[in-house]
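Chain by chain, the residues run as shown.
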Amino acid sequence: MRTEKTWMWAMLAAGAAAAALAAAAPAAAADPKPGRWKWTEGTIWYVPPAGFPAIVSSPDTNEVLEVYDQTVYSIDRYWKGYIWGYQRVQFWSKSDQMPVTPDSDPTCARMVGSITPEGTLNVSFTPLGGGSRTTGVGFMQKFDKAWTMEMQMTTGSDDLQISHWAYMEYCDIDKKCPLPGIKGTAQSFLQACRDLDTQ
């Protein structure tokens, strides 16, 4: 009888250990193919109106300023989970009437990053002409049967920081893509950065 109970407890313990290991193991990818996001090549991503709000803060004070942010970037190339292209961003006061005129001195960056098969994003923005690199992180999220990039970042200097997150939407790079916050299309907005990089 004692041998039978010992065997039963041993089986229960083994089952519990196996369940614990299974719970600790990472879940299998829904789609582990590296080329899952190949379709993003040749797309432009932009912040829709709901994602405009951003904040400007200073590490030295408690003051926080509410602003609007129109970020746009292109994915010119995709290769085995890596992406690269250009980015342009413009900030304005939330009291300004939209759409606003594009800045004559554009804030541009080269964009490079990765998308894992599970849809995790890690994207780096290096300003044209030098400056601090910014890293954005996020996830591919599907809303109303369309993919969005849920992105967030904080960037700036020792004196000033900008924090922003948004569900970025996309359009094909070879189609007209009017911007909701800036006068003109996403293509014309980014073209200033492409031109700047060839000078």
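What counts as what
- Residues numbered from 1 in each chain as written.
- Predicted model: local features only at pLDDT ≥ 70, side-chain atom pairs only at ≥ 80, totals over all residues.
- Heavy atoms only, no water.
- Helix = DSSP H or I, 4+ residues; strand = E, 2+ residues; numbered from the N terminus.
- Buried < 20%, exposed > 50% of the residue type's maximum accessible area, 1.4 Å probe, protein only.
- Areas by Shrake-Rupley, 256 points an atom, 1.4 Å probe, with all protein chains shown as cover.
- Phe/Tyr/Trp six-rings, centres within 6.5 Å; stacked < 30°, edge-to-face > 60°.
- Lys NZ or Arg CZ within 6 Å of the ring centre and 35° of its normal.
- Polar contact = N/O pair within 3.5 Å; in protein donor to acceptor, adjacent residues only side chain to side chain.
- Patch = residues over 30% accessible without salt bridge, like charges linked within 9 Å, V, L, I, M, F, W, Y side chains within 5 Å.
- Salt bridge = Lys/Arg side-chain N within 4 Å of Asp/Glu carboxyl O.
- Core = buried A, V, L, I, M, F, W, Y, C linked by side-chain atoms within 4.5 Å.
- Contact = heavy atoms within 4.5 Å.
- Disulfide = S-S within 2.5 Å.

(A) Up close: the overall build of the chain. A tally of regular secondary structure across the chain gives 2 helices and 10 strands. Of all 199 residues assigned to the chain, the portion counted as buried reaches 35%. Just so you have it, the chain exposes about 12100 Å², and 57% of that area is on carbon and sulfur atoms.

(B) Structural view of the packing of aromatic side chains. Across all of its chains, the model carries 12 aromatic pairs by this definition. It is R88 that lies over the ring of F189; its NZ or CZ is 4.0 Å from the centre.

(C) The arrangement of the environment of W45 in detail. Assignment of secondary structure puts W45 in strand 1 (residues 43–46). A polar contact is formed between the side chain of W45 and the side chain of T43, at a distance of 2.8 Å.

(D) Region of the structure containing a nonpolar patch on the surface. Taken together, the side chains of W79, Y82, W84 and V112 present a nonpolar region at the surface, about 420 Å² in accessible area. Summarising the element assignment, W84 is placed in strand 5 (residues 82–93).

(E) Summary view of the nonpolar core. Within the largest apolar cluster, 35 residues are counted, with the highest numbers of intra-cluster contacts made by V72, Y73 and M149. Only strand 1, strand 3 (64–75), strand 5, strand 6 (107–115), strand 7 (120–127), strand 9 (146–156), strand 10 (161–172) and helix 2 (186–197) provide two or more residues apiece to this core. Each residue touching M149, except ones within four places of it in the same chain, is listed here: W45, Y73, I75, I115, L121, F139, M140, A166, Y167 and M168. Judged by nonpolar contacts, the second largest core, of 5 residues, contains A54, V56, M153 and I162.

(F) Focus on the pattern of salt bridges. Using the criterion set out here, one finds 6 salt bridges in the structure. The partner of D172 in a salt bridge is K175, with the nearest N and O atoms 3.4 Å apart. Overlapping salt bridges bring together K38, E41 and R77 as one network.

(G) Layout of the state of the cysteines. Enumeration over the complete set of coordinates arrives at 2 disulfides. Across the disulfide from C108 sits C193; the S-S distance is 2.1 Å. Negative torsions about the S-S bond denote left-handed disulfides, and the value of about -75° found for C108 with C193 makes this one left-handed. One end of the pair, C108, is in strand 6; the other, C193, is in helix 2, and 85 residues separate them in sequence. Paired through a disulfide, C171 and C177 show a sulfur-sulfur distance of 2.4 Å. Taking the sign of the S-S torsion, about -115° here, the bridge from C171 to C177 comes out left-handed. With respect to burial, C171 and C177 carry one shared label: buried.

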